[in-house]
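# Structural features, examined
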Amino acid sequence: MADIPKGIEKIAATVPKQYALLLLLDGFPYVELTARKHADFLTDLNAWKRKTYPSLVRSQVRYFTLAPNGEIKELTFTPVRQ
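A quick note: this is a predicted structure, and the numbers were derived from the prediction, not measured. (Residues numbered from 1 in each chain as written. Predicted model: local features only at pLDDT ≥ 70, side-chain atom pairs only at ≥ 80, totals over all residues. Heavy atoms only, no water.)

Glancing now at the environment of Glu-9. Here Glu-9 lies in helix H1 (residues 6-12). Its relative accessible area of 38% is what places Glu-9 among the partly exposed residues. Sequence-wise, Glu-9 and Tyr-53 are 44 residues apart; in three dimensions their C-alpha atoms are separated by 22 Å. Once residues lying within four places of it in the same chain are set aside, the contact partners of Glu-9 are Ile-4 and Ile-72. (Helix = DSSP H or I, 4+ residues; strand = E, 2+ residues; numbered from the N terminus. Buried < 20%, exposed > 50% of the residue type's maximum accessible area, 1.4 Å probe, protein only. Contact = heavy atoms within 4.5 Å.)

Across all of its chains, the model carries four aromatic pairs by this definition. For the ring pair Trp-48 and Tyr-63, a centre distance of 5.9 Å and an interplane angle of 75 degrees mean the geometry is edge-to-face. One end of the pair, Trp-48, is in helix H2 (residues 38-51); the other, Tyr-63, is in strand E3 (residues 61-66), with 15 residues separating them in the sequence. Across the pair, Tyr-63 and Trp-48 agree in class, each one buried. One aromatic cluster in this structure is built from Trp-48, Tyr-53 and Tyr-63. (Phe/Tyr/Trp six-rings, centres within 6.5 Å; stacked < 30°, edge-to-face > 60°.)

For E3, a buried count of five out of six residues is recorded, marking the element as mostly surrounded by other parts of the structure. For strand E1 (residues 19-25) and E3, the ladder comprises six bridges, and the chain directions are antiparallel. The residue of E3 that forms the bridge with Leu-25 is Val-61. Where E3 lies against strand E4 (residues 72-75), four bridges are found, and the strand directions are antiparallel. Looking across to E4, one finds that Phe-64 is bridged to Glu-74. Hairpin connection between E3 and E4: a loop of five residues separates the two successive antiparallel strands, and Gly-70 in this loop has a positive phi of roughly 95 degrees. (Pairing = 2+ DSSP bridges.)

So, about the sheet that holds E3. Spatially, E2-E1-E3-E4 is the arrangement adopted by the four strands of the open sheet, whose pairing is antiparallel. Both edges of this open sheet fall to strand E2 (28-35) and E4, since each of them pairs with a single strand only. Averaged over all adjacent pairs, the angle separating strand axes in this sheet is 25 degrees, with direction ignored. Against the sheet, H2 engages E1, E2 and E3, with an angle of about 125 degrees to E2. (Axes fitted to C-alpha atoms, helices over the stretch in contact; angles between N-to-C directions.)

See below:
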């Protein structure tokens, strides 16, 4: 797995003690969604995958999760069938 980009590490520092979905879209880091509780994060993430993810499939984008302890992991999603 590739290293975590510096931009993702820097933007993750702006979201302390929360769960977050972070994106590196065309080289720019974004905080896409946050939640204090894991269950809320999973609910929000599922809604995001249904509504927003399909519009990003053709973009140059990497996905990361942030845990409240500061751990960052890269995600991969199964492609959406159309």
